Amino acid sequence: MGKLLIFGLSVAYCGIVLVLMIPESIGIKCWVCNSYSDRKCADPFDNKSYVITDCDSKDQLRTNLPGVPGTMCRKVSQKVNGIWRYVRTCGFLGEPGIGRDERYCRRHKGTNDIYIEDCLCR
């Protein structure tokens, strides 16, 4: 009877540990960088050069969106006066893609050699 009780407690403990680990593993993780301050963030991007960031971590949450979790990753490529900049970050609002294609980018072309591409993915 004692061994059965110890086995039951061990199984219950493992179950509790697994349940506590689930919320952390559910959140999306993205690369967060800006090529203005770090050239390695530019294209072509070597994802081995950055630690992946949990979008639900305290430093990624937005004060203007309290309680809104990160649901996607965002990459903004912009060319202004011939100079390209890249920003990779967590996305908090909207849905990526059209239909079933989650590799969706919005492209904007302006005057004076301005081009912006905003891509969202999961």
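These numbers come from a predicted model, not from an experiment. Along every chain, residues carry numbers that run from 1 in the direction the sequence is written. The predicted origin of the model limits local features to residues at a pLDDT of at least 70 and limits the giving and counting of side-chain atom pairs to 80 or more, whereas totals for whole chains, interfaces and linings rest on all residues. Calculated side-chain values reflect all of the structure's heavy atoms, with hydrogen atoms and water omitted.

1. Some remarks on the overall build of the protein
So, point 1. Of the regular secondary structure elements, the protein holds 1 helix and 7 strands.
So, point 2. Think of it this way: any DSSP run of H or I at least four residues long counts as a helix, any run of E at least two long counts as a strand, and we number them from the N terminus. If you list the helices and strands of the protein from N to C, you get α-β-β-β-β-β-β-β.
So, point 3. In the protein, which comprises 122 residues, the share counted as buried stands at 23%.
So, point 4. The criterion used for residue contact is that any of the two residues' heavy atoms lie within 4.5 Å. In the protein, once contacts between residues fewer than 6 apart in sequence are set aside, the share between residues at least 24 apart is 54%.
So, point 5. By element, 61% of the accessible surface of the protein is carried by carbon and sulfur atoms, the whole surface being about 9,200 Å². Each residue's exposure class comes from its accessible area (1.4 Å probe, protein chains only) as a fraction of the maximum for that residue type: buried when under 20%, exposed when over 50%, partly exposed otherwise. Residue-level accessible areas treat just the shown protein chains as cover; the underlying method is Shrake-Rupley with a 1.4 Å probe.

2. Re the pairing of strand 6 (residues 104-109)
So, point 1. Sheet topology places strand 6 next to strand 7 (residues 114-121); 6 bridges connect them, and they run antiparallel. Bridge assignment links Arg-107 to a residue of strand 7, and that residue is Glu-117.
So, point 2. Between the antiparallel neighbours strand 6 and strand 7 lie 4 residues, among them Asn-112 with a positive phi of about 55°. Paired strands are those between which DSSP finds at least two bridges.

3. Digging into the pattern of salt bridges
Pairing between side chains becomes possible if they bear opposite charge and their charged atoms approach one another.
So, point 1. One speaks of a salt bridge when a side-chain nitrogen belonging to Lys or Arg is within 4 Å of a carboxyl oxygen belonging to Asp or Glu. On inspection of all chains with the given rule, the structure shows 6 salt bridges.
So, point 2. For the salt bridge of Glu-117 with Arg-107, the shortest nitrogen-to-oxygen distance reads 3.0 Å. Note that Glu-117 is positioned in strand 7 and Arg-107 in strand 6, a separation of 10 residues in sequence.
So, point 3. Overall, Glu-117 belongs to the buried group, its relative accessible area being 15%.
So, point 4. Sharing partners across several salt bridges, the network here consists of Asp-43, Lys-75 and Arg-88.

4. Notes on the packing of aromatic side chains
Aromatic ring pairs: the centre-centre distance and the angle between the two ring planes describe each pair.
So, point 1. Aromatic pairing here means that ring centres of Phe, Tyr or Trp (its six-membered ring) are within 6.5 Å. Orientation follows from the plane angle: under 30 degrees is stacked, over 60 is edge-to-face, and everything else is tilted. In the structure shown here, the tally under the stated rule is 4 aromatic pairs.
So, point 2. Look at Trp-31 and Phe-45: their rings are 5.9 Å apart centre to centre, the planes differ by 75°, and that puts the pair in the edge-to-face class. Taken together, the residues span a long stretch of sequence, with Trp-31 in the loop between strand 1 (29-30) and strand 2 (33-34) and Phe-45 in the loop between strand 2 and strand 3 (53-54) at a distance of 14 residues.
So, point 3. On the basis of an interplanar angle of 20° and a centroid distance of 5.5 Å, the ring pair of Phe-45 and Tyr-50 is categorised as stacked.

5. Concerning the sheet that holds strand 4 (residues 72-80)
The strands that make up a sheet are held in pairs by hydrogen bonds between backbone atoms, and each pair lies either parallel or antiparallel.
So, point 1. An order of 2-5-4-7-6 is seen for the 5 strands of this open sheet, with the pairing classed as antiparallel. At either end of the open sheet lies a strand with only one pairing partner, and these are strand 2 and strand 6.
So, point 2. As paired elements, strand 2 and strand 5 (residues 83-91) share 2 bridges and run antiparallel to each other. Note that in strand 5 the partner of Cys-33 across the bridge is Arg-88.

6. Concerning the confidence of the model for the protein
So, point 1. Confidence of the predictor at the level of single residues is captured by pLDDT, which takes values from 0 to 100. The predicted model of the protein averages 77 in pLDDT, with 73% of residues at 70 or higher.
So, point 2. Taking the mean pLDDT of every element in the protein, the minimum, 42, falls on helix 1 (residues 2-26) and the maximum, 95, on strand 2.
So, point 3. Here residues 2-25 scores under 50 on pLDDT; set against residues more than four positions off or in separate chains, the count is 2 contacts.

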